[in-house]
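This is what each chain is made of:
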Amino acid sequence: MMMTNAVKEKLKKGEPALGALVGMYAPDLVEMIGYAGFDFVLIDNEHGAFSQREIEQMIRAAELAAIVPIVRVSYDPSDIQKALDLGAKGIQVPMVNTREEAEKVVKRAKFPPIGQRGAAFITRSARFGIDGGKLYLDAADEQTLIIVHIETPEAVANFAEIVTVPGVDAAFIGPTDLSISLGYKEAGASHPEFQQVMQRLYETARELNVPLGNIATSAAGVRDELGRGTSLVAVVTTSVIMASLSQVAGARDASK
């Protein structure tokens, strides 16, 4: 039977969860993330290049290392069901701009009568037929974590309507896309006016008691996000790896 979603439980208790965003096929890296003590891995199938089989192997690696596998899905409407059938314990859906779009996300992620997700008990998520029936369907609906991505001015304007859709568990800010779409191409997320937009989103999320997520690129960034009340912090692994590699390469130059 589907195990309890540890990240969803943390959010219900008001506790933050730390994850790592991975956009490359690297099951070994997923294991390392789990052994390092992270709570979840965010498998990026929006910007990353994955086959369905590769996503499945990334999910297996997450399970082996006892962390929660969440898939940031592509724009293919069928991608939500495929990710969940492969065993993802959560989905993050990009470019959700209206309440109606958020409602469609929930319908695709949950079984009838709540939603319209197609049911099959031969999938990996149902342990290839070991699980099934009402117990499995209800557990999947209860344990699946649904996160919507806030990345446009339209999404900001509709934020309260989007995050209060029944079934939406959390919202995640996409600071790069959002800052660009708001016109701050040069300064990006560091622009003071953009930071004001972010502050309003955080205030609204607190008022509505909705968990909010954001990215970080370093340990200092993680501390900053936790300090501002971010519930889901996803560290960008490429940023962390590149910073570490650059530091090591710099040691060569410093020795000259």
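Refer to the structure above for everything that follows.
Small disclaimer: the values here were computed from a predicted structure and weren't measured.

Draft legend 1. Structural context of the side chain of Asp44. On the secondary structure map, Asp44 appears in strand β2 (residues 40-44). For Asp44, a relative accessible area of 5% translates into the label buried. Discounting chain neighbours no more than four positions away, the residues touching Asp44 are Leu21, Val22, Gly23, Phe50 and Arg72.

Draft legend 2. A look at the sheet that holds strand β6 (residues 170-173). Spatially, β1-β2-β3-β4-β5-β6-β7-β8 is the arrangement adopted by the eight strands of the closed barrel, whose pairing is parallel. Averaged over all adjacent pairs, the angle separating strand axes in this sheet is 25°, with direction ignored. In the sheet, β6 pairs with strand β7 (residues 212-216) via two bridges, with the strands oriented parallel. Note that in β7 the partner of Ala171 across the bridge is Leu212.

Draft legend 3. Up close: the pairing of strand β8 (residues 232-236). Burial within β8 is extensive, with five of its five residues counted as buried. Every second residue of β8 is oriented toward a common face, with Leu232, Ala234 and Val236 on one face and Val233 and Val235 on the other, all of them buried. When strand β1 (residues 17-22) meets β8, the two strands line up parallel, connected through five bridges. Within the sheet, the bridge partner assigned to Leu18 lies in β8 and is Val233. Bridge analysis of β7 against β8 gives four bridges, and the strand direction is parallel. Note that in β8 the partner of Asn214 across the bridge is Val233. In this fold, the crossover linking β7 to β8 by way of helix α11 (residues 219-227) has right-handed handedness.

Draft legend 4. Spatial organisation of the side chain of Asp131. Looking at the secondary structure, you find Asp131 in the loop between α5 (99-109) and α6 (133-143). In this structure the side chain of Asp131 is engaged in a polar contact, spanning 2.9 Å, whose partner is the side chain of Arg127.

Draft legend 5. A look at the packing of aromatic side chains. The full count for this structure, using the stated rule, is two aromatic pairs. Geometrically, the ring pair formed by Phe121 and Tyr136 is edge-to-face, given 5.9 Å between the ring centres and 85° between the ring planes. Linking Phe121 in the loop between α5 and α6 with Tyr136 in helix α6, this pair joins segments that are 15 residues apart in sequence. Residue classification places Phe121 among the partly exposed residues on the basis of a relative accessible area of 32%. The exposure class assigned to Tyr136 is buried, which follows from its relative accessible area of 2%. Aromatic ring contacts, followed pair by pair, group Phe111, Phe121 and Tyr136 into a single cluster. In this structure, Arg228 packs its charged tip against the face of Tyr202, placed 4.5 Å from the ring centre.

Basis of the calculations
Residues numbered from 1 in each chain as written. Predicted model: local features only at pLDDT ≥ 70, side-chain atom pairs only at ≥ 80, totals over all residues. Heavy atoms only, no water. Helix = DSSP H or I, 4+ residues; strand = E, 2+ residues; numbered from the N terminus. Buried < 20%, exposed > 50% of the residue type's maximum accessible area, 1.4 Å probe, protein only. Contact = heavy atoms within 4.5 Å. Pairing = 2+ DSSP bridges. Axes fitted to C-alpha atoms, helices over the stretch in contact; angles between N-to-C directions. Right-handed = clockwise from strand over helix to strand, strands pointing away. Polar contact = N/O pair within 3.5 Å; in protein donor to acceptor, adjacent residues only side chain to side chain. Phe/Tyr/Trp six-rings, centres within 6.5 Å; stacked < 30°, edge-to-face > 60°. Lys NZ or Arg CZ within 6 Å of the ring centre and 35° of its normal.

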